[in-house]
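Structural overview for review
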Amino acid sequence: MKFVTDPPIAMKIQKMQERVRWQSSPIVDRGIDQTGLVLADQTDDPEFSFLVIGDSGSGQHRGYSPQRQVAQQMLAHRQDCQFLLHTGDVIYLVGSSEYYSKNFIQPYREFLVGGEQYKQIAHDQMVFNFPFLPVPGNHDYYDLPLFYGLAIQATYPIRKLLRSKLDFDIGWHGSFQGKAYAQAFLDPLRALEMRGSLGEHLDRHYTAQTKTGRCLRYEAGKFTRLPNRYYTFRQGGIDFFGLDSNTFNEPAPLPKTQEGQEYRRTLENRYAALELEMQQLMESAAKLNENRPEEVDRLHDIRTKLEQLEEMQRDINKQLTTETSVTDLEQLNWLSDRLIESWHTEGVRGRVLFFHHPPYVTEATKWHQAQTLAVRRRLRHVLDQVAKAVGSLAEGRSIVDLVLNGHAHCLEYLRTVDTGHADANTHWIVCGGSGYSLRRQRIEGDNVTERLDGSSEDKLVAKSQLFIGREGRGSQKHRPYSFLRIDVQAGEPVKFVVRPFVSERFMGKWSDRALPEFVI
């Protein structure tokens, strides 16, 4: 039961580079850095605030919209904040352009120019009146096999089950390898080149200047495109790095040893068990009446569970089919170089990373995934390189001050301990509960352990300090959707006041509240 497909990493990189005309002659000749971004209204004030959301891109949930509820609560903070970071999964289920109107433009209409007429805004014509800075999530890259696109639209039995009863956001097609995301948020230089207006466009919008060359100027209300799928900008002495973790999350191939083959059989058995569980859920859904209010939440939970189980299957499939692990070395080397440069730049007092897949998390479905461990390993390698290069400059401090992620459908704050690497003593916040299905914390608890450097024993590497996710059972189920406001304080090393906010759905009613703030 394979609803969606994930394009190969090499294809993701190639397609995205084509769309932004990566390092083409007109760009290189002008000395343009396609990873740089300057906010037109940026300030040097060391005290500023910003918002964070993630994994928001769902539509209606039988008459209510969690991400719309979160968006409305965020409006009260808009005037006090400089920008919003989105940690990925802008659109569910397959990042299709068909669903931008319902799953993005409508819920965030106040953040868009002309948002009062949101039905008339096309996904590739959005202009934000407030800096809205996303990174792509895995669902923003997903595609839909042609069979399902045809079957769902035709008079086929699966249509009633998938579209009506379980209310999946599935249309004719998927993202076309991230094309819809690129059309919505990136600067479409390829289309401009085909029209013969690329040079004029570059001279109009790539007018900002940084140490690395000319770069794009982001102008709220006028021109709000991003230069690339990964990018960096500076605000108040803090360097922000937005990454595309979809291209460095592939697990290593399984070893050809006897132990590796035994683990392969374990994965195959686990995959089959998940398939059986999914079939049983489909059968349960067929017995429920979507017109009975008391059964609507059960249908929603089945839809959520099906998507969750299939995601677990995709993670297993990645392990089973990976022959040679593909890693986006160009992006990782870029990150290493820019972090080293940041540490050597006068006036920079902190560094923040934001990307989709969390290296550390205790949400029940993500903590042990091969992709989670792959991202942890590769980011750790980059930070180790940077630590070696900057030496005593970073003495007593972590290489990055804060890491923001999504992917896990919860709000969680973790702190690493001594990992033996340069990701030690770092603050990690997962903000992935801003609209789609929420998930629980794992039953194994809040300590994250790992076998470090060939050790035969599991050692503590991180500890969860806060977890907000789905709680309760049946009619007593709590669904606390969330976002963050982060206030950056003056001084060095930088301090962040983290202010979590929740919009909770319980027994058919909404309640909004602020959780206790904490300083990191």
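Scroll up a little and you will see the structure.
Everything quoted here is computed from the prediction, not taken from an experiment.

Before going further, it helps to examine the overall build of the protein chain. Across its full length, the protein chain carries 13 helices and 18 strands. The C-alpha radius of gyration of the protein chain comes to 22 Å, within 12% of the 24 Å expected for a compact globule of 520 residues. If one aligns the C-alpha atoms of the protein chain with their principal axes, the spans along those axes are about 65 × 60 × 45 Å. Contacts in the protein chain between residues at least 24 apart in sequence constitute 76% of all its contacts with a sequence separation of at least 6. When the accessible surface of the protein chain is summed, it comes to about 20,800 Å², and 48% of that surface belongs to carbon and sulfur atoms. If the 65 positive side-chain charges of the protein chain are averaged to one point and the 67 negative ones to another, these points end up 4 Å apart.

This paragraph deals with the packing of aromatic side chains. Summed over all chains, the structure comprises 32 aromatic pairs. Measuring from ring centre to ring centre gives 6.4 Å for Phe48 and Phe50, while their planes differ by 35°; the resulting arrangement is tilted. Both residues of the pair, Phe48 and Phe50, count as buried. Here Tyr100 and Phe185 contribute two aromatic rings whose centre-to-centre distance is 6.4 Å and whose plane-to-plane angle is 55°, an arrangement assigned as tilted. Note that Tyr100 is positioned in helix α4 (residues 100–105) and Phe185 in helix α7 (residues 179–185), a separation of 85 residues in sequence. The class of Tyr100 is buried, set by a relative accessible area of 0%. According to the relative accessible area criterion, Phe185 is buried, its value standing at 2%. An aromatic cluster is built from Tyr100, Phe104, Tyr108, Phe111, Phe128, Phe130, Phe132, Tyr181 and Phe185, whose rings are joined through pairwise contacts. Stacked on the ring of Trp343, the Lys or Arg Arg351 has its end atom at 3.8 Å from the ring centre. Taking the ring centre of Trp367 as reference, the NZ or CZ of Arg442 above it sits at 4.5 Å.

On to helix α10 (residues 258–286), then. Its 29 residues place the ends of α10 43 Å apart at the C-alpha level, agreeing with the 42 Å of an ideal helix rising 1.5 Å per residue. Restricting attention to buried positions, one finds in α10 the residues Gly260, Arg264, Leu267, Leu274, Glu275, Met278, Leu281, Met282 and Ala285.

This part covers the pattern of salt bridges. Within the structure shown, the criterion is met by 28 salt bridges. Its salt-bridge partner being Asp203, residue Arg30 comes within 2.9 Å of it at the nearest N-O pair. Of this pair, Arg30 sits in the loop between α2 (25–29) and β1 (32–39) while Asp203 sits in helix α9 (residues 198–205); the two residues are 173 residues apart in sequence, bridging distant segments of the chain. Look at Asp203 and you get partly exposed, because its relative accessible area is 43%. Each of Asp80, Arg485, Asp487 and Arg499 takes part in one network of salt bridges that share partners.

Mapped onto the elements, Pro251 comes out in the loop between β8 (238–242) and α10. Separated by 206 residues in the primary sequence, Pro251 and Asp45 place their C-alpha atoms 42 Å from one another.

Let's shift gears to the state of the cysteines. Taken as a whole, this structure holds 0 disulfides when the rule is applied. With no disulfide of its own, Cys431 has Cys410 as its nearest cysteine by sulfur position, at a separation of 9.2 Å.

What follows covers the layout of surface pockets. Within this model, the largest pocket holds a volume of roughly 900 Å³. As for the largest pocket, its lining consists of 28 residues, of which Tyr263, Gln319, His368, Ala370 and Leu373 are closest to the centre. Elements with a contribution of two residues or more to the lining of the largest pocket: α10, α11 (293–321) and α13 (370–390). Per-element accounting of the lining of the largest pocket gives the leading share, 6 residues, to α13. Tallied by class, the residues present in the lining of the largest pocket amount to 13 nonpolar, 6 polar and 9 charged. Considered as a void within the structure, the second largest pocket measures approximately 650 Å³ in volume. If you go around the second largest pocket, you meet 25 residues; those closest to its centre are Gln183, Leu186, Pro188, Ala191 and Arg225. Only α1 (9–19), α7 and α8 (189–195) provide two or more residues apiece to the lining of the second largest pocket. Top contributing element to the lining of the second largest pocket by residue count: α8, with 4 residues. Residues belonging to the lining of the second largest pocket are distributed by class as follows: 10 nonpolar, 5 polar and 10 charged.

Looking now at unusual backbone geometry. Backbone torsion omega between Tyr92 and Leu93 reads 5°, so that peptide bond is classified as cis. Note that Leu93 resides in the loop between β3 (84–86) and α4. The residue after Glu492, namely Pro493, is reached through a cis peptide bond having omega 0°. For Pro493, the position within the fold is in the loop between β15 (478–488) and β16 (496–506). A positive phi angle, near 55°, is found at Gln177, a position not held by glycine. For His407, which is not a glycine, the phi torsion comes out positive at approximately 75°. For His407, the position within the fold is in the loop between β10 (402–405) and β11 (411–416). Among the residues examined, His407 registers a relative accessible area of 3% and is labelled buried.

How each quantity is defined
Residues numbered from 1 in each chain as written. Predicted model: local features only at pLDDT ≥ 70, side-chain atom pairs only at ≥ 80, totals over all residues. Heavy atoms only, no water. Helix = DSSP H or I, 4+ residues; strand = E, 2+ residues; numbered from the N terminus. Rg over C-alpha atoms; globule rule 2.2 N^0.38 Å. Contact = heavy atoms within 4.5 Å. Areas by Shrake-Rupley, 256 points an atom, 1.4 Å probe, with all protein chains shown as cover. Lys, Arg positive; Asp, Glu negative; His and termini not counted. Charge placed at Lys NZ, Arg CZ, Asp CG, Glu CD. Phe/Tyr/Trp six-rings, centres within 6.5 Å; stacked < 30°, edge-to-face > 60°. Buried < 20%, exposed > 50% of the residue type's maximum accessible area, 1.4 Å probe, protein only. Lys NZ or Arg CZ within 6 Å of the ring centre and 35° of its normal. Expected span 1.5 Å × (residues − 1). Salt bridge = Lys/Arg side-chain N within 4 Å of Asp/Glu carboxyl O. Disulfide = S-S within 2.5 Å. 1 Å grid on protein atoms, 1.4 Å probe; cavity = no way out; pocket = protein on both sides within 12 Å on 5 of 7 lines; lining within 4 Å. Points joined across faces, edges and corners; volume = space filled by probe spheres on them. Nonpolar A, V, L, I, M, F, W, Y, C, P; charged D, E, K, R; others polar.

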